[in-house]
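Structural description and commentary
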Amino acid sequence: MFGCLSQVRIRSLMRRNVLIALGSNVTSLSSSPEQLLNESMDEISKSVGKISLRSKNYRTPCFPAGAGPDFANAVIRVETGLDIPGILEALHRIEADFGRVRTVRWGQRTLDLDLLAADDVVCPDDVTLNQWINLPLDRQMAETPDQLLLPHPRLQDRAFVLIPMADVAPDWKHPILAKTVLEMLEQLPRDEIDQVVPIS
C-alpha cells in the first residue's frame with residue numbers, strides 16, 4: 001500500500017506540511033457536526049502535529065445528492081514529524097474514536113478525515129494517480145483504490161474541499177495538474193461554489 005513512500009522515507013525524519021480535510025454530517029449524542037470538527041482538530045493536534053492554519057467551517061450539500069444531511073466541512077494545515085503511514089494510522093484511529101463506521105462508500109458519517117496532500121508527494125506514481133484523477137464519475141462511485149493515492153484524486157473536482165483549502169493553502173500547487181488551489185477553484189461551476197457556505 002505504501003510502496004511509493006520508499007522514495008521519500010528519508011523525509012520522514014523531517015517535518016512536513018500536510019493538508020487534511022474534515023467532514024461530518026451526523027450529529028452524535030453530544031455534539032453537532034460543527035462541534036465534532038472542532039473536537040477532532042484537538043485530537044489531531046495531539047496525535048498528528050501542530051495545526052498551523054485552519055479554515056472556516058462550511059456547510060455543504062451531501063455528496064452524492066440525496067445521500068443524507070448537509071455536511072460541515074473544513075481543511076487544516078498540519079506540521080508533523082510523522083511519516084505518511086503514521087499520519088493515516090492516527091487519522092483512522094481518531095475517526096474510529098468518534099464513531100466512524102465504514103459501511104457504505106460516500107455514506108453518512110460522524111467524522112471523515114482525508115489526507116489531501118503531503119507537501120508535493122505523489123503516490124504511488126504519476127501515471128497511476130493520473131488514471132484515478134481522470135476516472136469517470138460512474139466508475140468513481142463503483143471503484144475503490146487498493147493503495148494510497150496522493151494528492152487526493154478528487155480534490156480538484158470538489159468545491160467543498162477547494163474552498164476551505166483556499167483558506168489555508170491558496171498557493172499550494174498540484175504536482176500533477178500544475179495548478180494552484182485558487183486556479184482549480186476558478187474552473188469549477190459557479191453553482192457548485194455557491195453551495196458551500198461559511199457557518200456563522
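Residues numbered from 1 in each chain as written. Predicted model: local features only at pLDDT ≥ 70, side-chain atom pairs only at ≥ 80, totals over all residues. Heavy atoms only, no water.

Moving on: the pairing of strand 1 (residues 16–24). In terms of residue burial, strand 1 counts as a mostly covered element, since eight of its nine residues are buried. In terms of strand pairing, strand 1 meets strand 4 (residues 71–80) through nine bridges, oriented antiparallel. Looking at strand 4, one finds that alanine 21 is bridged to valine 75. (Buried < 20%, exposed > 50% of the residue type's maximum accessible area, 1.4 Å probe, protein only. Helix = DSSP H or I, 4+ residues; strand = E, 2+ residues; numbered from the N terminus. Pairing = 2+ DSSP bridges.)

Time to look at the side chain of glutamine 156. Structurally, the position occupied by glutamine 156 is in the loop between helix 4 (137–140) and helix 5 (159–168). Other than its neighbours up to four places away in sequence, glutamine 156 contacts Ile133, Leu162, His174, Leu177, Met184 and Leu188. (Contact = heavy atoms within 4.5 Å.)

Turning our attention to the side chain of asparagine 57. Examined against the element boundaries, asparagine 57 turns out to sit in the loop between strand 2 (50–54) and strand 3 (58–60). Here asparagine 57 falls in the buried class, since its relative accessible area comes to 11%. Separated by 3.4 Å, the side chains of asparagine 57 and arginine 54 make a polar contact. Setting aside anything within four residues of it in sequence, one finds asparagine 57 in contact with Glu34, Leu37, Asn38, Met41, Asn73, Ala74, Val197, Pro198 and Ile199. (Polar contact = N/O pair within 3.5 Å; in protein donor to acceptor, adjacent residues only side chain to side chain.)

In this section: the pattern of salt bridges. Per the stated rule, a full pass over the model turns up five salt bridges. Note that lysine 46 is salt-bridged to glutamate 43, the shortest N-O span being 3.5 Å. Placement of the pair is lysine 46 and glutamate 43 together in helix 1 (residues 33–47), with a separation of three residues, close to one helical turn. Judged by relative accessible area, which is 64%, lysine 46 ranks as exposed. Arginine 190 is the salt-bridge partner of aspartate 194, the closest N and O atoms lying 3.1 Å from each other. Of this pair, aspartate 194 and arginine 190 are both found in helix 7 (residues 190–194), four residues apart, which corresponds to roughly one turn of the helix. Residue aspartate 194 is classed as partly exposed on the basis of its relative accessible area of 46%. Note on arginine 190: relative accessible area 56%, which makes it exposed. (Salt bridge = Lys/Arg side-chain N within 4 Å of Asp/Glu carboxyl O.)

Moving on, we get to helix 1. Along its 15 residues, helix 1 runs 21 Å from first to last C-alpha, staying within 8% of the 21 Å computed at 1.5 Å per residue. Those residues of helix 1 lying buried are Pro33, Glu34, Leu36, Leu37, Ser40, Met41 and Ile44. Buried residues along helix 1 cover an arc of 145 degrees about the axis, so they all sit on one side. Turning to helix 1, the residues buried within the fold contact strand 1, strand 2, strand 3, strand 4, helix 2 (84–97) and strand 5 (112–118). (Expected span 1.5 Å × (residues − 1). Arc of directions from axis to C-beta.)

Across the protein chain, the average pLDDT comes to 86, with 82% of residues at 70 or higher. Note on residues 6–12: pLDDT under 50 across the span, and 10 contacts to partners over four residues away in sequence or across chains. Note that residues 102–107 has pLDDT below 50 and, in this model, 15 contacts with residues that lie over four places away or in other chains. (pLDDT = per-residue confidence, 0-100.)

Next up on the list: unusual backbone geometry. The omega angle of the peptide bond from cysteine 123 to proline 124 is 0 degrees, so this bond is cis rather than trans. Put simply, leucine 150 and proline 151 share a cis peptide bond, and its omega is -10 degrees. When you line up the elements, proline 151 lands in the loop between helix 4 and helix 5. Despite not being glycine, aspartate 119 has its phi angle at roughly 50 degrees, a positive value. Within the secondary structure, aspartate 119 is located in the loop between strand 5 and helix 3 (126–133). We classify aspartate 119 as partly exposed; its relative accessible area is 26%. One non-glycine residue, alanine 178, lies in the positive phi region at around 55 degrees. Residue placement: alanine 178 occurs in the loop between helix 5 and helix 6 (181–186). Under the relative-accessibility criterion, alanine 178 is labelled partly exposed at 47%.

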